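What follows is each chain in one-letter form.
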Amino acid sequence: MFALIDCNNFYASCERVFRPDLNGKPVVVLSNNDGCVIARSNEAKALGIPMGAPAFEYEKIFKDHNVAVFSANYTLYGDMSNRVMSILSEYSPEVEIYSIDECFLKFDGLDRFFNLYNYAQEIRQRVKKWTGIPISIGIAPTKALSKVANHIAKKFPEKTNGVYIIDSEEKRIKALKWLPVEDVWGIGPRMSERLKNKGIKTAYEFTQLSDEWVKKEFTIVGLRLKHDLQGILTLDLEKQKDKKSIATTRSFETMYTSFDDLRERVSTFASLCAEKLRRQRSVCQSLMVFIRTNPHRKDLPQYSKSIEINLPIATNSSIELSKFAIMGLKMIFKEGYHYKKAGVITYNLISEGCIQANLFQEIDIRHKKLMEAIDKINSTFGKNKVRFAIQDPKGIQKMKQEKLSPCYTTKLSDVITVYV
DNA sequence: TCTGGGGTCCTAGGACCC
DNA sequence: TCTGGGGTCCTAGGACCC
């Protein structure tokens with residue numbers, strides 16, 4: 001059996017852990033630049049605030065209903081996620097961390113010794129007690145079905161007490177007949193539209209289609225999903241693998257028109273990518289730089305361009321990546337536009353130990369030591385303590401984050417104070 | 001005025017090989 | 001009358017996830 005554990009309204013719940021006064025009240029978390037709503041407490045959902053809603057369109061609702069609004073605090077969410085995952089890992093040797101707030105556990109043979117429902121309730125209580133984060137658990141013979149079970153647990157919290165198990169054919173069919181096809185994991189807007197055109201409305205009807213048709217229309221991906229939903233074990237736990245691409249992209253709070261401003265951003269993004277590469281001990285062989293104007297500003301001329309660069313020698317040096325990213329920027333930058341977003345994406349990643357030398361260029365071995373020193377200093381004394389002169393010279397805030405909460409769990413000066 | 005960021009996998013088709 | 005057969009690799013684009 002597989003269990004899918006999912007944190008309820010994760011980012012909103014993280015904020016609430018340290019603000020218990022917000023329990024029972026609507027809470028939303030906004031994306032970078034305080035742009036869109038990316039997490040909502042149940043109370044906020046009940047107010048009709050949709051996922052991805054532009055914040056400025058909902059300001060009145062926020063105000064009228066006293067909604068607690070937060071800027072995304074990824075440092076906090078990342079740390080809380082680690083805490084939750086480490087607790088979950090104690091309940092099974094086979095774990096797949098699927099996203100920041102979701103985790104699959106494999107319960108092989110566990111049902112011979114434990115009552116799975118009680119076992120799952122114990123997990124829920126421990127995670128809640130040790131971290132303050134509420135979770136839901138779905139258990140079923142396959143991954144796709146555990147997703148379905150989780151959906152049910154979340155939809156009917158009173159009836160299920162946050163745990164639902166699909167352990168019989170009757171329950172499987174009942175669940176699939178209840179689940180709208182667009183809510184199936186792996187069926188997105190395109191697929192569900194095509195299914196609806198064919199008259200398919202529920203997950204169950206999807207599983208009644210012929211293998212040939214599903215494969216023809218939705219490739220092997222769709223077919224695997226169909227089988228998994230039928231209870232045929234198709235999707236297994238996946239091992240934590242190195243990332244195949246690493247990106248740093250941002251929208252700006254204001255629009256930039258000068259090359260120098262973009263150069264600062266792009267070199268900072270390249271350095272951030274380099275840091276992430278070093279953390280996973282990878283080097284990249286290629287990078288892409290893109291810049292674009294604000295597509296929502298129909299009144300302004302639009303421009304969007306990207307360029308890919310193959311590096312002569314694979315690297316994770318901030319200096320090298322920054323140099324090539326700026327080189328790319330020079331080739332695509334055009335005067336006269338208001339730029340709103342830029343990014344650097346590194347790909348064709350290989351392991352640090354497998355760098356292929358280049359006949360015409362030597363690897364500067366000094367970079368490796370320098371990067372090690374920089375990473376060490378920054379991890380000991382705090383982010384960005386050492387950075388390149390080209391980056392962020394005045395330390396200007398480049399993102400709108402007006403409602404940022406403290407880093408309660410990762411910064412000593414932000415630790416919560418308790419008055420007795 | 002104000003609209004996020006970071007990933008994965010699969011396929012078709014072109015270019016190339018012998 | 002009437003143009004072989006069997007491969008690999010790469011890339012762009014599309015779909016999906018959170």
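See the structure shown above.
Since this is a predicted model, take the numbers as computed values, not measurements. (Residues numbered from 1 in each chain as written. Chains lettered and ligands numbered in written order. Predicted model: local features only at pLDDT ≥ 70, side-chain atom pairs only at ≥ 80, totals over all residues. Heavy atoms only, no water.)

*Asks:* Hey, could you run me through the sheet that holds strand 11 (residues 304–315) in this one?
*Replies:* Strand pairing in a sheet relies on backbone hydrogen bonds. The paired strands run either parallel or antiparallel. Spatial strand order, 9-12-10-11: four strands in an open sheet with antiparallel pairing. Each edge of the open sheet carries a strand with a single partner, namely strand 9 (245–256) and strand 11. Sheet twist, expressed as the average angle between the axes of neighbouring strands with direction ignored, equals 15°. As defined by bridge partners, strand 10 (residues 282–293) adjoins strand 12 (residues 339–351) across eleven bridges and the pair is classed as antiparallel. Paired with V283 across the strands is I350, a residue of strand 12. In the packing of helix 12 (residues 259–279) onto the sheet, the strands contacted are strand 9, strand 10, strand 11 and strand 12, and the crossing angle to strand 9 comes to about 155°. Running over the sheet, helix 13 (residues 318–332) touches strand 10, strand 11 and strand 12 and is turned about 150° from strand 11. (Pairing = 2+ DSSP bridges. Helix = DSSP H or I, 4+ residues; strand = E, 2+ residues; numbered from the N terminus. Axes fitted to C-alpha atoms, helices over the stretch in contact; angles between N-to-C directions. Contact = heavy atoms within 4.5 Å.)

*Asks:* Is there a simple way to think about the protein's contact with DNA strand B in this case?
*Replies:* As a structural note, the neighbourhood of DNA strand B is formed by 26 residues, with R224, A247, T249, S251 and K340 the closest of them. Near the protein, meaning within 4 Å, the atoms of DNA strand B are sugar or phosphate in a fraction of 77%, with bases accounting for the rest. Side-chain polar atom of T249 to a phosphate oxygen of DNA strand B: 2.4 Å apart, as the coordinates give it. The backbone of S251 places a nitrogen or oxygen atom 2.7 Å from a phosphate oxygen of DNA strand B. (Near = heavy atom within 4 Å. Polar contact = N/O pair within 3.5 Å; in protein donor to acceptor, adjacent residues only side chain to side chain.)

*Asks:* Quick question: what am I supposed to make of the sheet that holds strand 3 (residues 37–40) here?
*Replies:* With mixed pairing, the three strands of this open sheet are ordered in space as 3-2-4. Edge positions in the sheet fall to strand 3 and strand 4 (68–71), since each has one partner strand and no second. Across the sheet, the axes of successive neighbouring strands diverge by a mean angle of 25°, strand direction being ignored. The strands touched by helix 1 (residues 10–17) within the sheet are strand 2 (27–30), strand 3 and strand 4, with strand 2 carrying the most contacts at an inclination of about 115°.

*Asks:* Honestly, the side chain of D101 in this entry has me stumped. Any pointers?
*Replies:* Following the sequence through the fold, D101 ends up in the loop between strand 5 (95–99) and strand 6 (102–106). Despite its burial, D101 remains without a salt bridge, the nearest opposite charge being carried by K154 at 5.8 Å. In this structure the side chain of D101 is engaged in a polar contact, spanning 2.9 Å, whose partner is the side chain of S99. Residues within four places of D101 in sequence aside, it is in contact with I5, D6, C7, F10 and M85. (Buried < 20%, exposed > 50% of the residue type's maximum accessible area, 1.4 Å probe, protein only. Lys, Arg positive; Asp, Glu negative; His and termini not counted. Salt bridge = Lys/Arg side-chain N within 4 Å of Asp/Glu carboxyl O.)

*Asks:* Honestly, the layout of surface pockets in this entry has me stumped. Any pointers?
*Replies:* The gaps left among the atoms become clear once a water-sized probe is rolled over them. The space that makes up the second largest pocket amounts to roughly 1,100 Å³. Going through the elements one at a time, strand 1 (2–7), helix 1, strand 3, helix 2 (42–46), strand 7 (135–140), helix 6 (143–155) and helix 11 (211–229) are the ones with two or more residues in the lining of the second largest pocket. For the lining of the second largest pocket, the element with the highest residue contribution is helix 6, accounting for eight residues. Of the residues belonging to the lining of the second largest pocket, the class tally is 19 nonpolar, eight polar and ten charged. (1 Å grid on protein atoms, 1.4 Å probe; cavity = no way out; pocket = protein on both sides within 12 Å on 5 of 7 lines; lining within 4 Å. Points joined across faces, edges and corners; volume = space filled by probe spheres on them. Nonpolar A, V, L, I, M, F, W, Y, C, P; charged D, E, K, R; others polar.)

*Asks:* Can you help me understand the environment of D79 in this one?
*Replies:* Looking at the secondary structure, you find D79 in helix 4 (residues 74–88). The exposure class of D79 is buried, given its relative accessible area of 17%. Separated by 15 residues in sequence, D79 and E94 have C-alpha atoms that sit 22 Å apart. Those residues within four positions of D79 in sequence are excluded, and the remaining contacts are T409 and T410. Within the structure, the side chain of D79 is placed 2.8 Å from the side chain of R83, a separation counted as a polar contact.

*Asks:* What is the right way to read the pattern of salt bridges from this model?
*Replies:* Here the idea is simple: oppositely charged side chains can pair when their charged atoms come close. One pass over the structure, following the stated rule, counts 24 salt bridges. Ionic pairing is found between D79 and R83, a salt bridge with its closest N-O pair at 2.8 Å. Separated by four residues within a single helix, D79 and R83 lie in helix 4, roughly one turn from each other. Using a relative accessible area of 39% as the deciding quantity, one classes R83 as partly exposed. Via salt bridges that share partners, R194, K216 and E217 belong to a single interconnected network.

*Asks:* Explain the packing of aromatic side chains to me, please; I cannot follow it from the model alone.
*Replies:* Aromatic rings considered in pairs are described by the distance between their centres and by the relative angle of their planes. One pass over the full model with this rule turns up 19 aromatic pairs. When the ring of F259 is compared with that of F333, the centres are 5.3 Å apart and the planes differ by 75°; the resulting orientation is edge-to-face. Of this pair, F259 sits in helix 12 while F333 sits in the loop between helix 13 and strand 12, placing them 74 residues apart in sequence. Members of the aromatic cluster, joined through ring pairs, are F259, Y303, F333, Y337 and Y339. Above the plane of the ring of Y164 lies K171, whose end atom (NZ or CZ) is 5.5 Å from the centre. (Phe/Tyr/Trp six-rings, centres within 6.5 Å; stacked < 30°, edge-to-face > 60°. Lys NZ or Arg CZ within 6 Å of the ring centre and 35° of its normal.)

*Asks:* I would appreciate a short explanation of unusual backbone geometry in the present structure.
*Replies:* Trans peptide bonds make up the majority, and among non-glycine residues the majority have a negative phi. For T219, which is not glycine, the phi dihedral falls at a positive 60°. With respect to the helices and strands, the residue T219 is situated in helix 11. Phi at N348 takes a positive value of approximately 55°, unusual for a residue other than glycine. Within the element layout of this structure, N348 appears in strand 12.

*Asks:* I would appreciate a short explanation of helix 8 (residues 169–178) in the present structure.
*Replies:* Along an α-helix, residues three or four positions apart point the same way, because every turn accommodates 3.6 residues. All buried positions along helix 8 are accounted for by R172, A175 and L176. Relative to the axis of helix 8, the buried residues are bounded by an arc of 95° and lie together on one face. Turned more than 90 degrees away from the buried face of helix 8, the exposed residues are E170 and K174. Buried residues belonging to helix 8 abut helix 6, helix 10 (203–207) and helix 11. (Arc of directions from axis to C-beta.)

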